[in-house]
Amino acid sequence: MVLLTIILLGCGPMNDNGLHHNYQQGVSELNVVVLENLPPKKIFQNSDFSIVLQLDNQAAYPVTNGVVNLLGIDSTYYDVHTSSQSFQPLEGRSIISPNGDTIFLDFDASAKELYQNAEKNEQNYFIKVQYDSKMQFSDTICINTDLYNLNNGGCLSESTKSYSGQGAPIAISRVEQITNPGSNKRIEFRFFIENRGSGKILKATLTNSKLGTKEMPCIFQGMALHEFTKVFEPETQQVVLVCSKEISQSESYQTTLSLSFDYVYELSKQERLTLVK
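What counts as what
- Residues numbered from 1 in each chain as written.
- Predicted model: local features only at pLDDT ≥ 70, side-chain atom pairs only at ≥ 80, totals over all residues.
- Heavy atoms only, no water.
- Core = buried A, V, L, I, M, F, W, Y, C linked by side-chain atoms within 4.5 Å.
- Buried < 20%, exposed > 50% of the residue type's maximum accessible area, 1.4 Å probe, protein only.
- Contact = heavy atoms within 4.5 Å.
- Salt bridge = Lys/Arg side-chain N within 4 Å of Asp/Glu carboxyl O.
- Helix = DSSP H or I, 4+ residues; strand = E, 2+ residues; numbered from the N terminus.
- Phe/Tyr/Trp six-rings, centres within 6.5 Å; stacked < 30°, edge-to-face > 60°.
- Disulfide = S-S within 2.5 Å.

Student: Before we go on, may I ask you to explain the nonpolar core in this structure?
Tutor: Counting residues in hydrophobic clusters, the biggest one holds 63 residues, and the most contacted among them are Leu55, Phe189, Phe191, Leu241 and Leu259. Filtering out sequence-adjacent residues up to four positions away, leucine 241 remains in contact with Phe189, Arg190, Phe191, Ile193, Leu206, Cys218, Ile219, Phe220, Leu259 and Phe261.

Student: Can you walk me through the pattern of salt bridges in this structure?
Tutor: Any two side chains of opposite charge can pair, so long as their charged atoms come close to each other. Across all of its chains, the model carries twelve salt bridges by this definition. Between aspartate 139 and lysine 161 there is a salt bridge; the shortest N-O distance is 2.7 Å. Of the two residues, aspartate 139 sits in strand E9 (residues 120-143) while lysine 161 sits in strand E10 (residues 160-162), which places them 22 residues apart along the sequence. Among the residues examined, lysine 161 registers a relative accessible area of 21% and is labelled partly exposed. Via salt bridges that share partners, Lys120, Glu122 and Arg272 belong to a single interconnected network.

Student: Can you walk me through the packing of aromatic side chains in this structure?
Tutor: Aromatic rings in a pair are described by how distant their centres are and how their planes are angled relative to each other. Evaluation of the coordinates by the stated rule reveals seven aromatic pairs. An angle of 45° between the planes, with centres 5.9 Å apart, marks the rings of tyrosine 131 and tyrosine 265 as tilted. Here tyrosine 131, found in strand E9, pairs with tyrosine 265, found in strand E18 (residues 253-276); they are 134 residues apart in sequence, far enough to count as distant. Ring geometry for phenylalanine 189 and phenylalanine 191: centres 6.3 Å apart, planes at 35°, overall tilted. Owing to a relative accessible area of 0%, phenylalanine 189 belongs among the buried residues under this scheme. With a relative accessible area of 0%, phenylalanine 191 lands in the buried category. Clustering of aromatic rings is evident, with ring pairs tying together Phe137, Tyr163, Phe189 and Phe191.

Student: How should I be thinking about the state of the cysteines in this particular structure?
Tutor: With the rule as written, the count across this model stands at two disulfides. At a sulfur-sulfur separation of 2.1 Å, the disulfide partner of cysteine 142 is cysteine 155. Its S-S torsion of about 80° marks the bond between cysteine 142 and cysteine 155 as right-handed, since a negative value means left-handed. Of this pair, cysteine 142 sits in strand E9 while cysteine 155 sits in the loop between E9 and E10, placing them 13 residues apart in sequence. Residue cysteine 142 is classed as buried on the basis of its relative accessible area, which comes to 7%. In this model cysteine 218 forms its disulfide with cysteine 243; the gap between the sulfur atoms is 2.0 Å. Taking the sign of the S-S torsion, 110° for the link of cysteine 218 and cysteine 243, the bridge is right-handed. Taken together, the positions of cysteine 218 in strand E15 (residues 218-220) and cysteine 243 in strand E17 (residues 238-246) put the pair 25 residues apart, joining distant regions of the chain. The exposure classification of cysteine 218 matches that of cysteine 243, with both residues buried. Shown here for the protein chain is a disulfide pattern of 1-2, 3-4, where each number marks a bonded cysteine counted in sequence order.

What is shown is where atoms sit, not what they do.
Shown next, in the form of structure tokens:
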């Protein structure tokens, strides 16, 4: 019988650092761990055992639509009662939940007999976890279309800015700002998006893009206009998103640059089973 054994809400004691910590930075993700001795390091013939997984959401965003699959377990030697299991949404780390949510999944199984005079059988299997999540980017930038006046008394724009991440496995690592100071003033932003987690991005969808409070048109490099979902190949886990906006104001000013994404992510771990007499 498949059991969803426990869920732990990350709302333990909070210190001053937790109140001021920005969880939407750096690289964080859903951690998947096989509990010690579950399954046992040595599994005896004709015995029952459990594979117990700990799923710990260390990202800054909720994990939803999660599914775990156990793959590659040889049915000659083992009977896994249920090899696929979905799990409930897990909240990410935040000021009100600094630890994030943790859940344990129990996969019950039975061992069969070894063949003939074999002393043991060792085999690898895979744990695959697929889930949906989100990522948000926000920064305060300078818009300055008067590139030739260095003494205009306003802010100075930066052509390139680098980032450690946004608290997810998918990250905006760099933003390039290109200014067209002509009669039709326009700002172009190039967002370099890449996978920094331990799994693979399956697809990412741009759900929001704004310069200040106004919508900003964007396009994934190499894709058609109005295609907002990028499907990633396993060997190509990065893409450039190009956004642009006409600017009517001549004076330099500071404003907010923000993006939001939904994405589907897959983790894969190789583990080992050993059957003995």
